[in-house]
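Summary of structural features
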Amino acid sequence: MAAANLSAVLRAPAHPMAKAGYGKRDAPDQAPPRADDFGGLEPREAAIAAYVDRLPEGAAIGYKVLAEELPDYGQQACRSALDRLTRAGYLRRIRVQVTLSDGQMRWVTRTYFSRTARDADWWAAHVRFVRGMDAPGQPPAPAAAETAEEAGPGVRAPRSEAYDVLAGLGRHEPRLQLSEGDCVQLEHLVGEWLARGVGREQITQALTSGLPASVHSAGPLLRKRLETKMPPSPAPRPENDHPGEQIVGMVMMCLFCDEDETTTTLDHGVCLDCKDAIARDEAAGLTGDVPDTFLARPRAEVDVAARVAELRSATVRPVLPAPRPRR
């Protein structure tokens, strides 16, 4: 059930680390943490994404390790959740070629996590940029919040931060009072500003300052300002790793197996064989939570709305889940 999906975030000691040089890596140019991070995801995927986001670099985040550390979920459930996070643009597994200070060269495998959802073009541009193949591309806006249609009939979708910025303009400048339709149409442009590191106050200042004496139509005026004053997009940067290590190449890999883009076709970071295997597991009902009778401890009842709000508002070092006792 949905409440159980969120019970994994409990008080806990350290999460296992991967071998030196491997494991989680933070993608460059992420937006700062915000209350609506992962707000458009299903509860289980949002809980796992929030957990991974708070892990340190170098942590082991394979689906088998996550299943060990988050005992409410089985391996198939964690694999399915990571697949959905990959398709949504939060994860990519990349094989990195590094040259050490003593001149030796080696390949290491790292799983890059981005709090800001990226599309396939951004991830490909990041890899090409490091390999020196071409200029970097532009990172897109964060994944949009769930739409009203996706939320179901009669259910209001959660408002994004971009929407809230637009809806609040009228309080700062009465001439810029917008309708709900205006906010929806301009939401993606404000989202792009936020993705490029501009804060809410800065956006409000840019939109409300220097207005003409008379504003006949606030919507078109704000669209023009948002488009013409759009700040530059930060380019993907190669990571600065250990001082004695220089990255000289990258190749995209399937998140779940050892095949890379030179030997197989990848679809949003996952090879077709693994996608088919995950689809078969989901069709067979194997990707649900661990049944209550198999849990190491009773499953706690959780207020889903309150737990989601707590996860999204956490800004301090997280409390991580307790690992399941190892035999």
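Residues numbered from 1 in each chain as written. Predicted model: local features only at pLDDT ≥ 70, side-chain atom pairs only at ≥ 80, totals over all residues. Heavy atoms only, no water.

1. Side note on the packing of aromatic side chains
Under the convention used in this document: Each aromatic pair joins two rings of Phe, Tyr and Trp (for Trp, the six-membered one) with centres within 6.5 Å, and gets the label stacked for planes under 30 degrees apart, edge-to-face for over 60, and tilted for any other angle. Secondary structure elements follow DSSP: runs of H or I no shorter than four residues count as helices, runs of E no shorter than two count as strands, and numbering proceeds from the N terminus. The classification of residues rests on relative accessible area computed with a 1.4 Å probe and restricted to protein chains. Under 20% of the type maximum is buried, over 50% is exposed, and intermediate values are partly exposed. For a lysine, the NZ atom is tested; for an arginine, the CZ atom; a charge sits over a ring if that atom is within 6 Å of the ring centre and within 35 degrees of the ring normal.
Within the structure shown, the criterion is met by 4 aromatic pairs. Their ring planes at 65 degrees and their centres at 6.0 Å tell us that Tyr63 and Phe256 sit as a pair that is edge-to-face. One end of the pair, Tyr63, is in helix H3 (residues 63-69); the other, Phe256, is in the loop between strand E4 (245-253) and strand E5 (266-267), with 193 residues separating them in the sequence. The two residues Tyr63 and Phe256 agree in class, both being buried. With centroids separated by 5.2 Å and ring planes inclined at 90 degrees, the aromatic side chains of Trp122 and Trp123 adopt a geometry described as edge-to-face. Judged on exposure class, the residue Trp122 and its partner Trp123 are both buried. An aromatic cluster of three or more residues is present, and its members are Phe38, Tyr90 and Phe113. Positioned above the aromatic ring of Tyr22 is the side chain of Lys19, whose terminal nitrogen or guanidinium carbon lies 5.0 Å from the ring centre.

2. Considerations on helix H2 (residues 43-53)
For H2, a buried count of 10 out of 11 residues is recorded, marking the element as mostly surrounded by other parts of the structure. Of all the positions in H2, only Arg44, Glu45, Ala46, Ala47, Ile48, Ala49, Ala50, Tyr51, Val52 and Asp53 are classed as buried.

3. So, the confidence of the model for the chain
What counts here: Values of pLDDT, which run from 0 to 100, indicate the predictor's confidence residue by residue. Whether two residues are in contact is decided by their heavy atoms, any of which lying within 4.5 Å being enough.
Per-residue confidence for the chain gives a mean pLDDT of 75, with 70% of residues at or over 70. pLDDT under 50 marks residues 292-296. Its contacts with residues more than four places away, or in other chains, come to 5 contacts.

4. Here we look at the pattern of salt bridges
To be explicit about the condition: Here, a salt bridge means any side-chain nitrogen of Lys or Arg that lies within 4 Å of a carboxyl oxygen of Asp or Glu.
If you walk through the whole model with that rule in mind, you get 12 salt bridges. The salt bridge involving Glu45 is made with Arg44; its shortest N-O contact spans 3.3 Å. On the basis of relative accessible area, Glu45 is assigned to the buried category, the value being 3%. Of the charged contacts in the structure, one is a salt bridge between Arg223 and Glu227, with a shortest N-O distance of 3.8 Å.

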